[in-house]
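# An overview of the molecular structure
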Amino acid sequence: MNPPDTEFPVLAFVDIETTGGNSERDRITEIGIKTLDQGQETVWESLLDPQTFIPQNIQRLTGITPDMVAGQPPFDELALQIKKELEGKIFVAHNARFDYGFIKASFKRLGLDFRPKVLCTVKLSRLLFPQQARHNLDTIIAAHGLTVSARHRALGDADLLLQFWRVCEKTFGPARLLEAVNELLGSVSLPPHISQSVVDAIPDTPGCYIFYGEHKAPLYIGKSITMRSRVMSHFQSALTVRKEMKLSQQVHHIEWIETGGELSALILEAKLIKERMPSANIKLRRSKDLCAWQLSPEPSGLQRPTLITHKHLQPGFQDHLYGLFSNKKEALGYLAAVAKKYQLCEALLGLEKVEEGKPCFGYQVKQCQGACIGQVSLAVHNLKLQTALQLYKVPVWPFEGAVAIKDGHSMLVINKWCYLGTANDHDELDDIARSEDFEFDLDIYKVVKKAMTGSHKTHVVKLSSHTSTFD
């Protein structure tokens, strides 16, 4: 028995088997719990009817087949018994976010709250055996000579965790083991591959952070005015948000880049995502098919929208541009929605082909007011179209040349809605301002436009050959 000052709380070593990796969609097929209370072990286990299909690959891995779970109780019938079995104990599991996340989600569907203290044995192994290259369960089995009774079955794997605990206790002694447990429970929200010292090193200042998986593969890039706090919020959400849980399980390394302020962080985030293509960032990836509508009058007086594709698109230089869309399909969808909302003629917009003098289909179903057959004048149709598109007008660059936007201790140099660079002193500002290397980026355009035209006052400095302002 441990001395009083190193007496451990009751530990529940838990493992589950499931129909897949999604705690919202998939279900638990088996739960195994080994409880350690003052040196005494007790066992609880049960197969569960997941009431859904068990994929073949899962059947091969676990050996749990539909026939085995048929007639077994579903989770809701055993929920109170399971909750009683785990209540008041430290929940110990390997990659604990997975097991805990599934059980918590199962309780939540029944309206039951479940918030135990959670100890992850991956983290415990990393803390106590830092010389090991890997800390998955198979590595731990091999490294410490654990006895395997039923691998990939719930109670068999739970027993492996208890055996690993005994190894830790024998190797380091109860006092050091308790110290390690207290340390890990204090930072329980951290991913298994990230130590507290890594998070502590991240400054709580504006900038971008990059999560990497194994082999330095970029997973996710984010930005914040308080990076450390934002990174911690990812990990704190990981026990309840499936997307964050998946990200936390994958992250092996974190890098960060400080910026002068929030605007710099937004621009840097857009650039980094396009350069590094992290798997979890989709929205800010580069579009190769950027396009916009442009209005130009025809001899008849009709203003017909023409789609300007990426080869001929020069936002900031061209007038009468509307929209900026990622691709042609998105642009056509937008124009069709405008036509429907304002009862415009799709034939006159070029969205539908009709014989001259014939009504369009929209007129026949009372969605067009009849500009196609002269019941509404072209002038009125033009005005309604211009009004509809005005909100999405891409303004021509309003300055003769580059401007600088103050952001913290730096100045961001912008020309034709394009980001040219960041200056930290007077000489840099002059050099960057003379650049003619314009590369339009839709996401940076949105950030810059909002900063320059939004309600929040942004300090903009017009630049010339005699740049005289640098605060």
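The residue numbering used here restarts from 1 in each chain and proceeds along that chain's sequence as written. The predicted origin of the model limits local features to residues at a pLDDT of at least 70 and limits the giving and counting of side-chain atom pairs to 80 or more, whereas totals for whole chains, interfaces and linings rest on all residues. Where side-chain values are given, they derive from all heavy atoms of the structure, hydrogens and water being excluded.

## A short note on helix H11 (residues 262–276)
Numbering of helices and strands starts at the N terminus; helices are DSSP runs of H or I of at least 4 residues and strands are runs of E of at least 2. To estimate the expected span of a helix, count its residues, drop one, and scale the result by 1.5 Å. Taking 1.5 Å of rise per residue, the 15 residues of H11 would be expected to cover 21 Å, and the 21 Å separating its terminal C-alpha atoms lies within 8% of that figure. Burial in H11 covers these residues: Leu 263, Ser 264, Ala 265, Ile 267, Leu 268, Glu 269, Ala 270, Leu 272, Ile 273 and Lys 274. Residue Met 277 follows H11 closely and has a positive phi angle near 50 degrees. Exposure classes here rest on a 1.4 Å probe applied to the protein chains alone. A residue is buried below 20% of its type maximum, exposed above 50%, and partly exposed in between.

## Quick look at the pattern of salt bridges
Criterion for a salt bridge: a side-chain nitrogen of Lys or Arg within 4 Å of a carboxyl oxygen of Asp or Glu. In total, this model carries 19 salt bridges according to the counting rule given. Here Glu 87 ties to Lys 83 by a salt bridge, and the two come within 2.9 Å at their closest N and O atoms. For Glu 87, a relative accessible area of 48% translates into the label partly exposed. Lys 83 sits in the buried class, given a relative accessible area of 16%. Residue Lys 274 pairs with Asp 443 through a salt bridge whose shortest N-O separation is 2.7 Å.

## Some words on the packing of helix H4 (residues 96–109) against helix H10 (residues 242–250)
Where H4 meets H10, the axes come as close as 10 Å, and the angle between the chain directions of the two elements is 165 degrees. One way to sum up the angle between H4 and H10 is to call them roughly antiparallel. By crossing handedness, the relation of H4 to H10 is classed as left-handed. Of the residues in H10, those touching H4 at Arg 97, Phe 98 and Gly 101 are Met 245, Ser 248 and Gln 249. Angles run from 0 to 180 degrees between N-to-C directions of axes, and those axes are lines fitted to C-alpha atoms, restricted for helices to the stretch in contact. What sets the label is the angle itself: under 35 degrees gives roughly parallel, over 145 gives roughly antiparallel, 65 to 115 gives roughly perpendicular, and the rest give oblique. In this scheme the handedness of a crossing depends on how the near helix is turned from the far one: anticlockwise by less than a right angle means left-handed, clockwise means right-handed. Between two residues, a contact is recorded if the distance between any of their heavy atoms is within 4.5 Å.

## Structural notes on the pairing of strand S2 (residues 28–37)
For S2, the tally of buried residues reaches 9 of 10 residues, placing the bulk of the element in the interior. Here a strand pair is declared whenever DSSP counts at least two bridges between the two strands. Direction of pairing for strand S1 (residues 11–18) relative to S2: antiparallel, over a ladder of 8 bridges. Within S2, the position partnered with Thr 18 by the bridge is Ile 28. Pairing of S2 with strand S3 (residues 40–47) involves 8 bridges; the strand directions are antiparallel. Looking at the pairing, Ile 31 lines up with Ser 46 of S3.

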